[in-house]
Amino acid sequence: MLNRVVVTGLAAITPIGPDLRTSWDNLLAGVSGVDKITRFDCQDYATKIAAEVKDFNVEDFLSPKQARRLDRFCHFAVAAAKMLFEDAGLTIDGEKTKDLGVILGCGLGGLETIEAFHTKLMKSGPKRISPFYIPQLISNMAAGQVSILTGAMGPNLVTTSACASGLHAIGYAYSDIKLGRVNAMITGGVESTITPMGVSGFNAMKALSTRNDEPQKASRPFDRDRDGFVIGEGCGLLLLESLEQALERGARIYAEVVGFGASSDAYHMTAPEESGAGMALAMQSALKEARVSPEDIDHINAHGTSTKLNDICETRAIKKVFGQHAYDIPITANKSMIGHTLGAAGGIESVFSVLSIYESKIPGTINLEHPDPECDLNYCPQESIEKEIQYVLCNSFGFGGTNGSILFKKFEE
């Protein structure tokens, strides 16, 4: 017998808030987290803006010594895990359990650490490299540190599938609980790559917005005047549990996870396949697993990167899956406010998708002033709306043609 899987905890550290409530309130209010880059001197860079996490103090969660030994992406993961347990009504007491696992998504890992130690190597030689260098940079250290913190002895791994990493992590965590391998999972996505190499690399691809004089208007999913995505950072975590365990401990249940789909475009290194067929397959797979029809979907949280190819291809994919119903579905693009948080995107946007169900509110898509003629669906321009939601589908797509969709449902016992 397959387990039902529910969401019993949420946590977020985003460019619009250092915690869940602040992030959600600002998302509903249409607040942009994009501004001038402060983490390094960007004077010589084509892009001088990013969606940085602000008002985050790692020493609220880790000692100075612990913090020095971890990259910023691990700071986010550990801090979010502590907030997740608080939200879920659990305590971190040092007890270990084999029935709790950790699967996180992370696209690039400790890029800041790599750059810092490369500089040290070039200036001072190999003897100046710290023994913590490798453990600091590897992507799976986010899950490893969360496991150490919480005592989770179940699966402990990181999915790395570019910008779909966080969503894929949630999908596979859901599958493990559904199949009875564990009773609970800490899952989601984390990323922090607003660094000289990160920005210059995406600049070299002509992928980033250079609207440096209007940072808050730079991220413009589905808008005719977009000129690229805005790089962001942050973390979004969910606690998933089997329904049986959640009811047994009297947990608050935000929503139920009912479907997951993953697919590949099998097409190109960076560009999505233009018909949207691969993206559509991921959405169709999630619906099929949940045994729901396209007409049952009340809301879609789009990948919506603010790049022409992604916006148009995702729109085509949605039309392919939903037909005429596509025009009736409120679609939102959280990246219009938080930028593109890469491997964290699926985690953060899944957190917001669950809150949309729980609070019956759909955030708007800001900066959608002149819709692209090929993007003609209802993207909830400018303002959030109130709506009862039974099902919400969340999409994430990434380089290499990797696609993921996850389906959340309003919980009914």
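Residues numbered from 1 in each chain as written. Predicted model: local features only at pLDDT ≥ 70, side-chain atom pairs only at ≥ 80, totals over all residues. Heavy atoms only, no water.

### Comments concerning the pairing of strand β7 (residues 234-242)
Move 1: The element β7 is extensively covered by neighbouring structure, given that nine of its nine residues are classed as buried.
Move 2: Here β7 shows no split at all, with G234, G236, L238, L240 and S242 on one side and C235, L237, L239 and E241 on the other all buried.
Move 3: When strand β1 (residues 5-13) meets β7, the two strands line up antiparallel, connected through eight bridges. By the bridge assignment, G9 is partnered in β7 with L239.
Move 4: Where strand β6 (residues 184-191) meets β7, eight bridges bridge the pair, whose relative direction is antiparallel. Paired with E191 across the two strands is G234, which belongs to β7. (Buried < 20%, exposed > 50% of the residue type's maximum accessible area, 1.4 Å probe, protein only. Helix = DSSP H or I, 4+ residues; strand = E, 2+ residues; numbered from the N terminus. Pairing = 2+ DSSP bridges.)

### Thoughts on the nonpolar core
Move 1: In terms of nonpolar packing, the biggest core is built from 41 residues, with V7, L10, L238, L240 and F408 touching the most fellow members.
Move 2: Core analysis: the second largest hydrophobic core is formed by 37 residues, F76, A81, L84 and L237 among them. (Core = buried A, V, L, I, M, F, W, Y, C linked by side-chain atoms within 4.5 Å.)

### Some words on helix α11 (residues 308-322)
Move 1: Spanning 15 residues, α11 covers 21 Å between terminal C-alpha atoms, matching the ideal 21 Å at 1.5 Å per step.
Move 2: Of all the positions in α11, only N310, D311, I312, C313, E314, T315, A317, I318, V321 and F322 are classed as buried.
Move 3: Against α10 (277-290), β9 (299-301), β10 (331-332) and β13 (391-398) lie the buried residues of α11.
Move 4: Backbone geometry just downstream of α11 places G323 in the positive-phi region, at approximately 60 degrees. (Expected span 1.5 Å × (residues − 1). Contact = heavy atoms within 4.5 Å.)

### Comments concerning the pattern of salt bridges
Move 1: Within this structure, the stated rule accounts for 19 salt bridges.
Move 2: Ionic pairing is found between E359 and R21, a salt bridge with its closest N-O pair at 2.9 Å. Placement of E359 in helix α13 (residues 345-359) and of R21 in helix α1 (residues 20-29) is noted, with a sequence separation of 338 residues between them.
Move 3: The class of E359 is partly exposed, set by a relative accessible area of 22%.
Move 4: Residue classification places R21 among the partly exposed positions, given a relative accessible area of 42%.
Move 5: Put simply, R249 and E241 hold a salt bridge, and the shortest N to O gap is 2.7 Å.
Move 6: Connected via shared salt-bridge partners are R21, D25 and E359. (Salt bridge = Lys/Arg side-chain N within 4 Å of Asp/Glu carboxyl O.)

### A look at the packing of aromatic side chains
Move 1: Tallied over the entire structure, the rule returns nine aromatic pairs.
Move 2: Ring plane angle 70 degrees and centroid distance 5.1 Å describe the contact between F56 and F76, whose orientation is recorded as edge-to-face. Taken as a pair, F56 in the loop between β3 (49-50) and α2 (64-68) and F76 in helix α3 (residues 72-88) lie far apart in primary sequence, 20 residues in all. The two residues F56 and F76 agree in class, both being buried.
Move 3: Taking 5.0 Å as the distance between ring centres and 50 degrees as the angle between the ring planes, the aromatic pair formed by F117 and Y133 counts as tilted. Separated by 16 residues along the polypeptide, F117 in helix α4 (residues 111-124) and Y133 in helix α5 (residues 133-137) bring together distant segments of the chain. (Phe/Tyr/Trp six-rings, centres within 6.5 Å; stacked < 30°, edge-to-face > 60°.)

### Description of the pairing of strand β4 (residues 100-105)
Move 1: Along β4, six of the six residues are buried, which leaves the element largely enclosed by surrounding structure.
Move 2: Here β4 shows a buried face lined by L100, V102 and L104 and a second buried face lined by G101, I103 and G105.
Move 3: Sheet topology places β4 next to β6; six bridges connect them, and they run parallel. In the strand pairing of β6, L104 is matched with G188.
Move 4: Sheet topology note: the β4/strand β5 (residues 156-159) ladder contains four bridges and is parallel. The residue of β5 that forms the bridge with V102 is N156.

### Focus on the state of the cysteines
Move 1: In total, this model carries zero disulfides according to the counting rule given.
Move 2: Unpaired in this structure, C74 has its nearest cysteine sulfur neighbour in C106, at a distance of 7.8 Å.
Move 3: In this structure C74 comes out as buried when scored by relative accessible area, which is 1%.
Move 4: With no disulfide of its own, C380 lies closest to C394 among cysteine sulfurs, the gap being 14 Å.
Move 5: Judged by its relative accessible area of 5%, C380 is buried. (Disulfide = S-S within 2.5 Å.)

### Description of α3
In an α-helix, one turn spans 3.6 residues; hence positions three or four apart end up facing the same way.
Move 1: Compared with an ideal rise of 1.5 Å per residue, which puts 17 residues at 24 Å, α3 spans 24 Å between its outermost C-alpha atoms and is within 8% of the ideal.
Move 2: Two or three places before F73, at the start of α3, stands the capping residue D71, its side-chain oxygen 3.1 Å from that residue's backbone nitrogen.
Move 3: Looking one or two places after α3, you find G89, whose phi comes out positive at around 75 degrees. (Polar contact = N/O pair within 3.5 Å; in protein donor to acceptor, adjacent residues only side chain to side chain.)

### A short note on the environment of S293
Move 1: Relative to the elements of secondary structure, S293 occurs in the loop between α10 and β9.
Move 2: We classify S293 as partly exposed; its relative accessible area is 27%.
Move 3: Considered as a pair, S293 and Y391 are 98 residues apart in the sequence and their alpha carbons are 11 Å apart.

### As for the sheet that holds β7
Move 1: Taken in spatial order, the 10 strands line up as β5-β4-β6-β7-β1-β8-β14-β13-β9-β10 in an open sheet, and their pairing is mixed. This sheet does not close on itself; its edge strands, each paired only once, are β5 and β10.
Move 2: Here eight bridges tie strand β8 (residues 255-264) to strand β14 (residues 402-409), and the two strands are oriented antiparallel to one another. Within β14, the residue paired with G261 across the bridge is S405.
Move 3: Helix-sheet contacts for α11 involve β9, β10 and β13, and the interaxial angle to β13 is about 140 degrees. (Axes fitted to C-alpha atoms, helices over the stretch in contact; angles between N-to-C directions.)

Remember that the coordinates give geometry; whether it matters functionally is a separate question.
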